[in-house]
There are 4 protein chains.
Amino acid sequence: MSVIENSKLAIVGAGAVGTSLAYAALIRESAREVALYDINSTKVAAEVLDLAHGTQFTGASRVTGGDDLDVVSDANVVVITAGARQHPGQSRLEMAGVNVEILRDLMPKLVERAPDAIFVLVTNPVDVLAVAAQQFSGLPPARVFGSGTVLDSSRLRWMLSERVGVAISNVHALIVGEHGDSEFPLWSQARIGPISLADWMLTRSAGGSASSSGSVPFTEAEFESIAEDVKNAAYRVIEGKGATNYAIGLSGARIVEAVLRDEGAILPVSSVLTDYRGVSGVALSVPSVIDASGIARVIDVPFSPKEQALFEHSAATLRASLDTLGLA
Amino acid sequence: MSVIENSKLAIVGAGAVGTSLAYAALIRESAREVALYDINSTKVAAEVLDLAHGTQFTGASRVTGGDDLDVVSDANVVVITAGARQHPGQSRLEMAGVNVEILRDLMPKLVERAPDAIFVLVTNPVDVLAVAAQQFSGLPPARVFGSGTVLDSSRLRWMLSERVGVAISNVHALIVGEHGDSEFPLWSQARIGPISLADWMLTRSAGGSASSSGSVPFTEAEFESIAEDVKNAAYRVIEGKGATNYAIGLSGARIVEAVLRDEGAILPVSSVLTDYRGVSGVALSVPSVIDASGIARVIDVPFSPKEQALFEHSAATLRASLDTLGLA
Amino acid sequence: MSVIENSKLAIVGAGAVGTSLAYAALIRESAREVALYDINSTKVAAEVLDLAHGTQFTGASRVTGGDDLDVVSDANVVVITAGARQHPGQSRLEMAGVNVEILRDLMPKLVERAPDAIFVLVTNPVDVLAVAAQQFSGLPPARVFGSGTVLDSSRLRWMLSERVGVAISNVHALIVGEHGDSEFPLWSQARIGPISLADWMLTRSAGGSASSSGSVPFTEAEFESIAEDVKNAAYRVIEGKGATNYAIGLSGARIVEAVLRDEGAILPVSSVLTDYRGVSGVALSVPSVIDASGIARVIDVPFSPKEQALFEHSAATLRASLDTLGLA
Amino acid sequence: MSVIENSKLAIVGAGAVGTSLAYAALIRESAREVALYDINSTKVAAEVLDLAHGTQFTGASRVTGGDDLDVVSDANVVVITAGARQHPGQSRLEMAGVNVEILRDLMPKLVERAPDAIFVLVTNPVDVLAVAAQQFSGLPPARVFGSGTVLDSSRLRWMLSERVGVAISNVHALIVGEHGDSEFPLWSQARIGPISLADWMLTRSAGGSASSSGSVPFTEAEFESIAEDVKNAAYRVIEGKGATNYAIGLSGARIVEAVLRDEGAILPVSSVLTDYRGVSGVALSVPSVIDASGIARVIDVPFSPKEQALFEHSAATLRASLDTLGLA
């Protein structure tokens, strides 16, 4: 006898990524209920307990879970983090085959239990798996998509924020394309507050005077160096700690919030495209409006000729992977 | 014997604006201590009590206050909301004279008591008073500025957000110039997420498909209509309720946070300019980087020729007021 | 086509209390949508605009409203703040008659438009009106109740917190009975953290030593003085500013959250009692578990003999008012 | 040139506990700067990057770190999580020797770099190490203490909250004594909202009626079973996932906030006691008021005779460990 349907987030996979996402979602109160599923019964029980033991400090949210797939029942959002994880030296695409087969089995069972949910893929290679999950689910692309380059874009913004000395919330920059080696920054649209990144002057004025006296713009070499750093950031983290989990956990929680709060937030998620700047049938990250219907709209962003070429290269890379895996 | 200096916000003036700002700051935990000053002893005591009575629900912050100016002592930020308020039908510039005289008396006393503070003017006409307060304080323009068009820009973003169906956090648009009749939107730099506002297509695609199918851009007439609505928003609120207080309270709290958290946030505050696109010696709102030093930098934004003309008109308007008031 | 029903809070009455409650609810994100209703068309439009203009700074929530009662349609919670307000020197009970008649007209219309909502009375005299609203609504007492002594308890906790130097969140104390002159603190159950208030020693130890060395307990005279201060707090605020609005706004928002988040939070709200410590048929504030069903349970608290007598006196006071108003 | 000293949290040890604490602190904005130190250069660099990559979603906080102990310089709070971790089947006390030697080397270096900080031990066995750290630091017990049973108390509250159907924020219960096998709940002071836990009736009333109709109290057997479950909770988590990290991360962040916000919050931390209910010279968890000075006061809680005996047993257990380790 409740006056309100409360929000339920189900997370499939209780590894480092799934539990970091659950932890972030509980602390941020992204959802009223977080349900964790994993085939490893002892592991998932322990993770649920460890998360539940902290709920004194996290508001009104609740955490449940187990090894019975029914824990996802009636979820509003299902985030999939299960699968083989990326090892040092391994490319994201090399993990694909086994994870595709996991989804072939899993997706119909998830859709049966949470028929109205939005499904968000986080497992890598996320673009390949977004295609696979959408196909196996029978749902429209707007309801089954990957976390894509939300994380990569956050990395780019952090680097730019540190470099220019401006709050990260005022750094507007995106990585688009594959979540992987063919990804690239959309430099032509990057902004610091109200001005183009290309117009930003790098020297700060003296504190006492409110006048503007910066004087050196970014160089092309710096742009390339930053793009490389973003691309290699995951490898650096994996080399040092064996996996990435914290930043991807926050990125996933942020996507979930955009759905559950019906925000209309713009995030670069990866969905199967139809004639997006000439690309169809592959999932790539482009800026998309996320609300309670999933992807309400993908945004048609102007690309420079160089960006268009990079995007087509990213699409070709993905298409080759999909062909190899029989998903084209 | 404390390990940490905690943040203190002093608010001068316990009217509707000052107390709404205090209320927002307490709920948001913008500062650890909020100190309210007003010459009206009974009124300020009652407001402090009313705010304090709600602190069970607002975290670790504290509220104090009274009619002794020493309540502002050692504040990190001082927000000035005291003064004659705008009446229906009255222009912002008509309020100026009496408020200038209040500041002439007040500023040296405030600087004496809070010598390291950043001073934020909220009282109208805010641009005139920002010049007056800076002169009377003897401090650099980076440390004494007005809330300017932070509120007007928030109004513009809300209107655009409602119109395009995108989260307000992804609507990047600014009002610059005078906080008053000569203000104008910087349309040339306005963006919805990663694209120029001029490129935004207004029809949403059907929810089931993730492809982009919007098709009508904003018209020039719509831009003009929105600009007019923003300009008249204050008048509409004042006609209906006699004053504005809630949105300006939040705007002020937001500026305070940018200082106290040393954010480097970009906000269109009003400071005395030195050769900003040719304008000197008047205070106008332009995008500025706000951190713990106050205004760390004003940003040199590209203006279209039309915007440049509007900006010069705004400057001339202000200069005329300053001349009249003997502040030029 | 949304995966989630989002929470809607309707507020009836756009005066200082209703709009402060709306402001607090927007800043705290208590609900996804806040809808404001008032018979004064110009006023409510202005208040909605003023609140909406600040939404750049308040997350994903939205504010709407107007003078058409349909703005409350399908609300999950309806808070009623409309009515004649308390004037200096006026008792809470003297306001009753006209407000009862307002509710007689209003309640059936509200229930028709928001048939599944929880209804929270804030208008004074809140206990009388809680009875009236419950009767006129035809709903069970669990779904129609008053904000009661939530505010008075917050005042008590703030005074104790200041006195003992402990965070307000660790001060557990309640005012029960009438929200008015016959209210009283439940001293027998008051606690500072893990100990009874009567056991708290008032002298703090020197900072360098972690040993306990406080030595003076509260006196009976101090308890009486604090109880008097709480009771008179509203009068002091009203004398100084003409009305109370901020703390009651936060109190109301807190009750709303307990419902919308299905918290099971314990709050001293005022509902029509059935044999509660011998009292039936009047609405008085006693600790109640609030969740998405409204009042899930009233808690049977041990009273000292003196507290029992005070409670019966409070009940008799209310019953006399109800008799006079033809509501018994 | 900053108007405000911002809060710095240093975390020693970049393992699962240290990084979960950092993650929680960043998301909750517990501190403005989080600095992570670890002797493993590659590991700490990777953890800092992974945390930094998520800062787009975590407000104005910053994360830094490395393998140079100078990263802790001028911290306001230093949390120590470094050390050998507890293995399945291993008692907390068996880990002690090596961790004591780590602290003997570390504490003087930390105090040198952060001379005004509050030091919080999280490494196990936390009570033994709190004694060691206090001795090696030369600082008073109020400034060097362990996280103690803050986590165990949170576990107890969660279990009780689930059992009684009341929000965890209204469940007031504490585990005191050793953070380990001799710990025990302070049942005599446990409360659900305004009433003693022993008085709580376990059957909920039907939703439609607001009257109280619960009817069965907790049994002694249930209390014992819950106490056992809390004690074994860590072992269950460790068996299932190899370690605990999330709940202890939140517990640590909460303690840090109480210091940095100067809250006066009551938390059961473990400090060296002087004649606390007859116990001196060992560190045990008892409810303590935490503010910017560290432990402002330990609270003299009434114990039942059984609780007094359990507390003395806990003290004897600790004293034996300290003797063995040469710390008595």
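Residues numbered from 1 in each chain as written. Chains lettered and ligands numbered in written order. Predicted model: local features only at pLDDT ≥ 70, side-chain atom pairs only at ≥ 80, totals over all residues. Heavy atoms only, no water.

Asks: Would you take a moment to explain the relation of the copies chain A and chain D for this structure?
Replies: Comparison of the two chain copies shows a relationship of rotation about an axis with a shift along it. Superposing chain A onto chain D takes a rotation of 180 degrees plus a shift of 0.0 Å along the axis, which leaves an RMSD of 0.0 Å. What the superposition gives is, in effect, a two-fold axis relating one chain to the other. (Least-squares fit on C-alpha atoms with pLDDT ≥ 70 in both.)

Asks: How should the UniProt feature "binding site: beta-D-fructose 1,6-bisphosphate" (unreviewed entry) in chain A be read in this particular structure?
Replies: Mapped onto this numbering, the UniProt entry annotates "binding site: beta-D-fructose 1,6-bisphosphate" (unreviewed entry) at R157 and H172 of chain A. Despite a sequence span of 16 residues, these residues sit close together in the fold, their greatest C-alpha distance being 7.0 Å. Tracing the chain through its elements places R157 of chain A in helix α5 (residues 150–164). When near neighbours in sequence (up to four residues on either side) are disregarded, R157 of chain A contacts I168, V171, H172, A173 and L174 of chain A together with Q56 of chain D. Turning to its location among the elements, H172 of chain A is positioned in strand β7 (residues 171–172). Ignoring anything within four residues of it in the chain, the contact list for H172 of chain A reads R157, Q189, A190, R191 and G193 of chain A together with H172 of chain B. (UniProt positions renumbered as here; feature names shortened; annotations may be inferred. Helix = DSSP H or I, 4+ residues; strand = E, 2+ residues; numbered from the N terminus. Contact = heavy atoms within 4.5 Å.)

Asks: Got a minute to help me understand the interface of chain C and chain A in this structure?
Replies: Accessible area lost during the coming together of the parts is what is often quoted as the interface size. Each side of the interface is counted separately: chain C has 22 residues, and chain A has 22 residues. Counting across the chain C and chain A interface gives five residue pairs in polar contact (both at pLDDT 80 or more). Residues of the side of chain C that touches chain A, tallied by class, amount to nine nonpolar, five polar and eight charged. (Polar contact = N/O pair within 3.5 Å; in protein donor to acceptor, adjacent residues only side chain to side chain. Nonpolar A, V, L, I, M, F, W, Y, C, P; charged D, E, K, R; others polar.)

Asks: What should I look at first to understand the pairing of strand β2 (residues 33–37) of chain C in this one?
Replies: Regular strands place side chains that alternate from one sheet face to the opposite one. Residue and element names in this part refer to chain C. With four of five residues buried, β2 is to be regarded as a mostly interior element. As a crossover connection, the stretch from strand β1 (residues 8–12) through helix α1 (residues 16–28) into β2 is right-handed. The handedness of the β2 to strand β3 (residues 62–66) crossover, carried by helix α2 (residues 41–52), is right-handed. (Buried < 20%, exposed > 50% of the residue type's maximum accessible area, 1.4 Å probe, protein only. Right-handed = clockwise from strand over helix to strand, strands pointing away.)

Asks: Is there a simple way to explain helix α1 (residues 16–28) of chain D in this structure?
Replies: Helical geometry: 3.6 residues make up each α-helical turn, so side chains three or four residues apart lie on a common side. All names here are of chain D. Over its 13 residues, α1 runs 18 Å from end to end, which matches the ideal 18 Å to within 8%, given 1.5 Å per residue. Counting buried residues along α1, 10 of its 13 residues qualify, which places the element largely inside the surrounding structure. Along α1, the residues classified as buried are G18, T19, S20, L21, A22, Y23, A24, A25, L26 and I27. (Expected span 1.5 Å × (residues − 1).)

Asks: Could you clarify how one ought to interpret the UniProt feature "active site" (unreviewed entry) in chain A in this entry?
Replies: Residues and elements named next belong to chain A. The sites that carry the UniProt feature "active site" (unreviewed entry) are, in the present numbering, H179. Tracing the backbone shows H179 in the loop between β8 (175–176) and β9 (184–185). The buried category is assigned to H179, whose relative accessible area is 7%.

Asks: Can you walk me through the interface of chain A and chain D in this structure?
Replies: With 44 residues of chain A in contact, the opposing surface of chain D contributes 44 residues. In total, chain A and chain D occlude about 4100 Å² of area from one another, counting both sides; carbon and sulfur atoms represent 65% of this. Among the residues chain A hides against chain D, the three largest losses belong to H53, F57 and Y246 of chain A. Together they make up 20% of the total. Between K241 of chain A and D50 of chain D there is a salt bridge, with the nearest N and O atoms lying 2.6 Å from each other. Taken together, chain A and chain D are joined by 24 residue pairs in polar contact (both at pLDDT 80 or more). If you list the elements that add at least two residues to the side of chain A that touches chain D, you get α1 (16–28), α2 (41–52), α5, α6 (220–241) and α7 (246–260) of chain A. For the side of chain A that touches chain D, the class distribution of residues is 18 nonpolar, 15 polar and 11 charged. (Buried area = accessible area lost by both parts, 1.4 Å probe. Salt bridge = Lys/Arg side-chain N within 4 Å of Asp/Glu carboxyl O.)

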